[in-house]
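# Structural overview for review
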Amino acid sequence: MLTANPYIFPNFAPMSKLINIHATKVPNPLAMKFEVEDLLLTPAAFTFDSLSAAKRSPLATKLFGFNYVQQVFIAKNFITVTKKEELPTWDALMIDIRIIIKKHLEGSEALFDFDGTQLPVLPEGEGYLIEKIRETLDRQILPATWQDGGEIYFDSFEDGVVKVKLAGSCVGCPFAPRTIKYGVEPLLKRHFPDVISVTSDDVDWGDTIQEVNSEFEA
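Residues numbered from 1 in each chain as written. Predicted model: local features only at pLDDT ≥ 70, side-chain atom pairs only at ≥ 80, totals over all residues. Heavy atoms only, no water.

The next subject is the overall build of the protein. Scanning the protein for helices and strands turns up 6 helices and 9 strands. In the protein, the share of contacts with a sequence separation of at least 24, taken over all contacts with a separation of at least 6, comes to 69%. Surface exposure of the protein reaches about 11200 Å², of which carbon and sulfur atoms provide 55%. (Helix = DSSP H or I, 4+ residues; strand = E, 2+ residues; numbered from the N terminus. Contact = heavy atoms within 4.5 Å. Areas by Shrake-Rupley, 256 points an atom, 1.4 Å probe, with all protein chains shown as cover.)

The structure is reproduced here in structure tokens:
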């Protein structure tokens, strides 16, 4: 399945120059961020979580050629690759991935096979409050998640509950529930009294519930 943050204008431009790529560890131990120095790959963010979805991206297709790849996330000026298992370690894998990305970009090959110049269609019926919530997430949360090779963005708002979606290294990250409950939720509740809570279908809340309960018992 190909998913994208629909609120960021998608675009891409082929490149032809020597490109420096830095592999950076992120909080999710199964993910690695490959940052492209001084180049904007795309203002949008796209997730490819299967080989069939990866066919929409020549670069993602190449990366899925490694049987340990679980997900490829292309955003801004980095590519986050998530692997299936703890082993083999990133120390044994990241050089090969870095070479694939570097050769692809230096060869001026396209990132996607779809038109990245069209404005996305926003959901109908968005009210002022929803628009401000979305803007707050994109302005105050998105840059921090990009720094860690992932993304948290607005999904829906109903009955006081904001639902967010995760992408990149945020998916499966053990710190994602804490980030949402102790970072995103207080931020939105502080700015918007109508917000009661923030949740996501993309995380396992079990550890967070145990952590909260242990704090009350202390």
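With 17 residues, helix H3 (residues 90-106) should cover 24 Å at 1.5 Å per step; its first-to-last C-alpha distance of 23 Å lies within 8% of that length. Contacts from the buried residues of H3 go to strand S2 (21-25), strand S3 (31-36), helix H2 (58-63) and strand S6 (78-83). A positive phi of about 60° marks Ser108, the residue just after H3. (Expected span 1.5 Å × (residues − 1).)

A few words on the side chain of His104. By the element assignment, His104 lies in helix H3. Taking relative accessible area as the criterion, His104 reaches 0% and is therefore assigned buried. (Buried < 20%, exposed > 50% of the residue type's maximum accessible area, 1.4 Å probe, protein only.)

A word on the packing of aromatic side chains. The tally for this structure, following the rule as stated, stands at 5 aromatic pairs. Arranged with centres 6.0 Å apart and planes meeting at 50°, the rings of Phe73 and Phe78 form a pair that is tilted. By relative accessible area, which is 0% here, Phe73 ends up buried. Members of the aromatic cluster, joined through ring pairs, are Phe46, Phe48 and Phe112. (Phe/Tyr/Trp six-rings, centres within 6.5 Å; stacked < 30°, edge-to-face > 60°.)

Here we come to the pairing of S3. With respect to burial, S3 is a largely interior element, 5 of its 6 residues being buried. Inspection of the sheet shows S2 paired to S3 by 5 bridges, in the antiparallel sense. Looking at the pairing, Ile21 lines up with Val36 of S3. What sits between S2 and S3 in their antiparallel hairpin is a turn of 5 residues. Pairing between S3 and S6: 5 bridges, direction antiparallel. Within S6, the position partnered with Phe34 by the bridge is Ile79. (Pairing = 2+ DSSP bridges.)

Let's shift gears to the side chain of Gln71. Looking at the element boundaries, Gln71 is found in strand S5 (residues 69-76). You can call Gln71 buried: its relative accessible area is 9%. Separated by 3.4 Å, the side chain of Gln71 and the backbone nitrogen of Gly168 make a polar contact. Ignoring anything within four residues of it in the chain, the contact list for Gln71 reads Thr47, Phe48, Asp49, Phe64, Thr80, Val81, Thr82, Ala167, Gly168 and Val171. (Polar contact = N/O pair within 3.5 Å; in protein donor to acceptor, adjacent residues only side chain to side chain.)

Take unusual backbone geometry next. In this model, Leu87 is joined to Pro88 through a cis peptide bond whose omega is 0°. With respect to the helices and strands, the residue Pro88 is situated in the loop between S6 and H3. The phi torsion at Ser108 lies on the positive side, around 60°, for a residue other than glycine. Structurally, Ser108 can be placed in the loop between H3 and helix H4 (128-147). Unusually for a residue other than glycine, Asp159 sits at a positive phi of about 55°. For Asp159, the position within the fold is in the loop between strand S7 (150-158) and strand S8 (161-168). We classify Asp159 as exposed; its relative accessible area is 68%.

Turning next to the sheet that holds S7. If you walk across this open sheet you meet the 3 strands as S7-S8-S9, and the pairing is mixed. Two strands bound the open sheet, and with one partner strand each, they are S7 and strand S9 (197-199). For this sheet the average axis-to-axis angle between neighbouring strands, irrespective of direction, equals 30°. As paired elements, S7 and S8 share 8 bridges and run antiparallel to each other. (Axes fitted to C-alpha atoms, helices over the stretch in contact; angles between N-to-C directions.)

It is worth spelling out the pattern of salt bridges at this point. Inspection of every chain in the model, using the stated rule, returns 9 salt bridges. The salt bridge partner of Lys132 is Glu135, with a shortest N-O separation of 3.1 Å. Placement of the pair is Lys132 and Glu135 together in helix H4, with a separation of 3 residues, close to one helical turn. Across the pair Asp202 and Lys165 runs a salt bridge, and its minimum N-O distance is 4.0 Å. Remark: Lys165 occurs in strand S8 and Asp202 occurs in the loop between S9 and helix H6 (206-217); sequence separation between them is 37 residues. Judged by its relative accessible area of 28%, Lys165 falls in the partly exposed class. Bridged by salt links that share partners, the residues Glu131, Arg134 and Asp138 form one connected network. (Salt bridge = Lys/Arg side-chain N within 4 Å of Asp/Glu carboxyl O.)

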